[in-house]
Amino acid sequence: MPTLLDAIIQASKSNKKLLAVLIDPEKFSTEKYADFIENLPKSVTHIFIGGSTVTAEESEVCVDFVKAKTNLPVILFPGDKEQITEKADGILLLSLLSGRNPEYLIEQHIKAVPKLLNADLEIIPTGYLLLDGGNQSAVARVSKTQPIDQSKIELIKNTALAGQMMGKQLIYLEAGSGAMIPVSEQIIAEVKKDLNIPLIVGGGIRNTNQLEKAYKAGADLVVIGTAFENGEFET
Ligand SMILES: CC(C)=CCC/C(C)=C/CC/C(C)=C/CC/C(C)=C/COP(=O)(O)OP(=O)(O)O
Ligand SMILES: O=P(O)(O)OC[C@@H](O)CO
Ligand SMILES: [Mg+2]
């Protein structure tokens, strides 16, 4: 079995685009999500589970339920170490490289070690960059960090490349859940140019047009939460 990361790298190399649906355990209920998971579009390749403000119990209940309903890989995308549960297949171990809050650069990771050490979870070191999506995001609020302005393309690019040089295996460009303005195509293209690890893009993507634009610009995997959560994704 290739690892989760190998499969993402392979897809990136062969230009097979990936799509993750983000499920927020805070908004999860078994009634709402039973149908939801069974009726996911065929283009969905991954399930991400996480939120900025989720309890350990909410996370575990949600992962358990989703794992039982689908064979798609289930990857934790946690805003906090409390959300780690061994029931998932893997975890994006995010380091918030756009911010300057040590808690989200290294401290959460140190605190997560006892849980991660013996857990049967594939750990995927991920450089996470929060960009300004035109409205205040939960990530900015929770992490107490400033997003990078989307006009600062050089800074964004160098931050992503610094992440790669430091050994991150994925770069995630985030405009914030519910962003008014998704990550621009120009930013995606510029970051992708010198990057040789897969690129994830998310935040504010609500329709096929925006999704295709992100792919065309160079996103390997796109994450959609809010639009699917509200049944508002426009094809
Ligand atoms: C090291 C471990 C275990 C965790 C990582 C901790 C870090 C660095 C987190 C980065 C900052 C952060 C708070 C990320 C949250 C990412 C996330 C799951 C966003 C999803 O969107 P929501 O914040 O739930 O948005 P809504 O307001 O739409 O619910
Ligand atoms: O909820 P949306 O806006 O789709 O954002 C998805 C994800 O990138 C948030 O972390
Ligand atoms: Mg959420």
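- Going by an unreviewed UniProt entry, the chain carries the name Geranylgeranylglyceryl phosphate synthase and comes from Zunongwangia mangrovi.
- Checking UniProt for the chain, the heading Catalytic activity (unreviewed entry) contains the comment "sn-glycerol 1-phosphate + (2E,6E,10E)-geranylgeranyl diphosphate = sn-3-O-(geranylgeranyl)glycerol 1-phosphate + diphosphate".
- Recorded in UniProt for the chain, the comment headed Cofactor (unreviewed entry) runs: "Mg(2+)".

**Quick look at unusual backbone geometry**
In step 1: Despite not being glycine, Asn-15 shows a phi value in the positive range, around 60°.
In step 2: If you trace the backbone, Asn-15 turns up in the loop between α1 (4-13) and β1 (18-23).

**Here's the deal with the layout of surface pockets**
In step 1: Looking at the largest pocket, its volume works out to about 580 Å³.
In step 2: Every residue lining the largest pocket is counted, 34 residues in all, and those nearest its centre are Gly-51, Ser-52, Pro-78, Gly-79 and Val-139.
In step 3: Those elements giving two or more residues to the lining of the largest pocket turn out to be β4 (90-96), α4 (102-117), α5 (138-143) and α9 (226-229).
In step 4: Roughly 200 Å³ of volume is contained in the second largest pocket.
In step 5: Taken together, 12 residues make up the lining of the second largest pocket; nearest its centre are Pro-2, Thr-3, Leu-4, Ala-7 and Pro-73.
In step 6: The element best represented in the lining of the second largest pocket is α1, accounting for four residues.
In step 7: Taken together, the residues of the lining of the second largest pocket break down into eight nonpolar, two polar and two charged.

**With respect to the sheet that holds strand β8 (residues 221-224)**
In step 1: The strand order around the closed barrel formed by eight strands is β1-β2-β3-β4-β5-β6-β7-β8, and the pairing between neighbours is parallel. Geometrically, the sheet is characterised by an average inter-axis angle of 30° between neighbouring strands, direction not taken into account.
In step 2: The sheet contacts of α4 involve β4 and β5 (122-130), and relative to β4 the element is tilted by about 155°.
In step 3: The strands touched by helix α8 (residues 208-217) within the sheet are β1 and β8, with β8 carrying the most contacts at an inclination of about 150°.

**A few points about the site of ligand 1**
In step 1: The immediate surroundings of ligand 1 are formed by 21 residues, with Asp-24, Lys-27, Ser-52, Phe-77 and Ser-177 found nearest.
In step 2: Taking Lys-27, its side chain carries an N or O atom lying 2.8 Å from an oxygen atom of ligand 1.
In step 3: Between ligand 1 and Ser-177, the relevant distance is 2.7 Å, taken from an oxygen atom to a side-chain nitrogen or oxygen of the residue.
In step 4: Protein contacts shield 93% of the accessible area of ligand 1, which totals 750 Å² for the unbound molecule.
In step 5: Assessed atom by atom at 2 Å from the grid points, ligand 1 resides in the largest pocket.
In step 6: At the level of secondary structure, the elements contributing two or more residues to the shell around ligand 1 comprise β4, α4 and α5.
In step 7: Sort the elements by how many residues they give to the shell around ligand 1 and α4 lands first, with four residues.
In step 8: In terms of residue class, the shell around ligand 1 is made up of 11 nonpolar, seven polar and three charged.

**Overview of the pairing of β1**
If a strand is regular, its side chains alternate between the two faces of the sheet.
In step 1: Counting buried positions along β1 yields six of six residues, so the element is predominantly enclosed.
In step 2: Of the strand pairs in this sheet, β1 and β8 are connected by four bridges, and their pairing is parallel. Opposite Leu-18, over in β8, you have Leu-221 as the bridge partner.
In step 3: By the bridge criterion, four bridges tie β1 to strand β2 (residues 46-49) in an arrangement that is parallel. Opposite Leu-22, over in β2, you have Phe-48 as the bridge partner.

**Comments concerning the environment of Glu-122**
In step 1: Tracing the chain through its elements places Glu-122 in strand β5.
In step 2: For the pair Glu-122 and Ala-160, spaced 38 residues apart in the sequence, the C-alpha separation amounts to 22 Å.
In step 3: Among the polar contacts made by the side chain of Glu-122, one reaches the main-chain amide nitrogen of Leu-5 at a distance of 2.9 Å.

**Observations concerning the pairing of strand β6 (residues 170-174)**
In step 1: Here β6 lies mainly inside the structure; five of its five residues are buried.
In step 2: Judged from the five bridges that link them, β5 and β6 form a sheet pairing that is parallel. For Thr-126, the partnering residue across the bridge sits in β6 and is Leu-170.
In step 3: Traced from β6 through helix α7 (residues 185-193) to strand β7 (residues 199-202), the parallel crossover comes out right-handed.

Parameters and conventions
For every chain, the first residue of its written sequence is number 1, and the numbers climb from 1 along that sequence. Throughout, the order in which chains and ligands are written sets their labels, letters from A for the former and numbers from 1 for the latter. In view of the model being predicted, local features appear only for residues whose pLDDT reaches at least 70, and side-chain atom pairs are presented and counted only at 80 or more, with totals across whole chains, interfaces and linings using the full set of residues. Heavy atoms throughout the structure, all of them, feed into the side-chain values; hydrogens and water do not. UniProt positions are given in the numbering used here, feature names are shortened, and annotations may be inferred rather than shown by experiment. Each helix is a run of H or I in the DSSP string that is no shorter than four residues. Each strand is a run of E no shorter than two, and both are numbered from the N terminus. Here a cavity is any set of points on a 1 Å grid over the protein atoms alone where a 1.4 Å probe fits but cannot get out, and a pocket is any open set with protein on both sides within 12 Å along at least 5 of 7 lines; a residue lines the site when it has an atom within 4 Å of a point. Grid points are joined across faces, edges and corners, and a volume is the space filled by probe spheres set on the points. Residue polarity follows a fixed list, in which Ala, Val, Leu, Ile, Met, Phe, Trp, Tyr, Cys and Pro are nonpolar, Asp, Glu, Lys and Arg are charged, and the others, Gly among them, are polar. Pairing between strands requires that DSSP locate at least two bridges from one strand to the other. Each axis is a line fitted through C-alpha atoms, taken for helices only over the stretch in contact, and angles between the N-to-C directions span 0 to 180 degrees. The contact definition used throughout considers only heavy atoms, calling two residues in contact when any of these lie within 4.5 Å. Any residue with a heavy atom positioned within 4 Å of a molecule or strand is treated as near that molecule or strand. Think of a polar contact as two N or O atoms within 3.5 Å of one another; within protein, one of them needs to be a possible hydrogen donor and the other a possible acceptor, and neighboring residues in sequence only count if both atoms come from side chains. The method behind every accessible area is Shrake-Rupley, applied with a 1.4 Å probe, and residues are considered shielded solely by the protein chains displayed. A cavity or pocket is said to hold a molecule if more than half of that molecule's atoms lie within 2 Å of its grid points. Only protein chains enter the area calculation, which uses a 1.4 Å probe; residues under 20% of their type maximum are buried, those over 50% are exposed, and those in between are partly exposed. When the strands point away from the viewer and the path from the first strand over the helix to the second turns clockwise, the crossover is right-handed.

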